[in-house]
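Structure assessment
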Amino acid sequence: MKNSLGTRHRGWLFDEDFDIPPADAPGGVEPEFIAPVYSLADLEAARATAAATARTAALADATGQDTAMAAAACARIADALAASTEQAHALAESVARPLATALLAALRAALPTLFAHHGTRETAALVARIAPALRCVPRATISLDPPSLAVIAALPAIVAIDPERLSLRADPTLTAGEIAITWQDGGLRRDLAGLLGEIDQLLELSGFLETPHGR
């Protein structure tokens, strides 16, 4: 009885404590050597590939930035050119209008003198140009100032027209350079007063004249 109560029976309980790690073997154990998966050459190749990839990405980014900057610069240049074009057009109009007005005013001042000195020759050139058309009308009459009549009558283009179709008439109311042509269905007239009146209308529209010149 004493043996059963006072003596610990080792077979009843576990001596192992699963929470306590087992003690290392005496003297220690060398860890197992595992050969590296990549060699030094593989590492150098991977490094070179990464560097090339980074360089390509950097170049692509720089190219994109350069393209964007170039596009922005081109846009600014285009805007500047458009503004310059508008300014040039405005400047040209501001210069051309007064210049054209001045030329018209000078022409109006010189026109009477031009008619007096060159009217007959200019009329002869005009008649020579329209003579072929006068051959197609049944009957036409050309009225001229008396001094110009003889010059026009001697033109080969007028001499070649049948007198039954074309007649020349002296009109004392006309001056050198003035002419009137009539035919069966119409006619035309060019006179100094009419030309001056047309120039006056243009000058009035441009504000150069407040009242038309006397005729």
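Residues numbered from 1 in each chain as written. Predicted model: local features only at pLDDT ≥ 70, side-chain atom pairs only at ≥ 80, totals over all residues. Heavy atoms only, no water.

**Quick notes on the overall build of the protein**
- When helices and strands are tallied, the protein shows 5 helices and 4 strands.
- From first element to last, N terminus to C terminus, the protein shows the α and β order α-α-β-α-α-β-β-β-α.
- Looking at the protein as shown, the accessible area adds up to about 16200 Å², and 64% of this sits on carbon and sulfur atoms. (Helix = DSSP H or I, 4+ residues; strand = E, 2+ residues; numbered from the N terminus. Areas by Shrake-Rupley, 256 points an atom, 1.4 Å probe, with all protein chains shown as cover.)

**Let's talk about the pattern of salt bridges**
- For the coordinates displayed, the defined rule picks out 5 salt bridges.
- Between R108 and D200 there is a salt bridge; the shortest N-O distance is 2.6 Å. Note that R108 is positioned in helix α2 (residues 40–134) and D200 in helix α5 (residues 192–205), a separation of 92 residues in sequence. Each of the two residues, R108 as well as D200, counts as buried. (Salt bridge = Lys/Arg side-chain N within 4 Å of Asp/Glu carboxyl O. Buried < 20%, exposed > 50% of the residue type's maximum accessible area, 1.4 Å probe, protein only.)

**Considerations on the nonpolar core**
- The biggest cluster of nonpolar side chains holds 15 residues, and the ones touching the most others in it are V127, L134, I142, I152, I158 and L166.
- Considering each element in turn, this core owes the most residues, 4 residues, to α2.
- The residues contacting I158, other than those within four sequence positions of it, are V127, A131, I142, I152, A153, L166 and L168.
- Counting residues in each nonpolar core, the second largest holds 7 residues, with A105, F115, L192 and I199 among its members. (Core = buried A, V, L, I, M, F, W, Y, C linked by side-chain atoms within 4.5 Å. Contact = heavy atoms within 4.5 Å.)

**Remarks on the confidence of the model for the protein**
- When pLDDT is averaged along the protein, the result is 78; 77% of the residues meet or exceed 70.
- This stretch, residues 211–215, has a pLDDT under 50; its non-local contacts, to residues over four places away or in other chains, come to 10 contacts. (pLDDT = per-residue confidence, 0-100.)

**Details of the environment of L203**
- Tracing the chain through its elements places L203 in helix α5.
- Accessibility expressed as a relative area gives 1% for L203, which makes it buried.
- Spatially, the C-alpha atoms of L203 and A100 are 9.6 Å apart, while their sequence positions differ by 103 residues.

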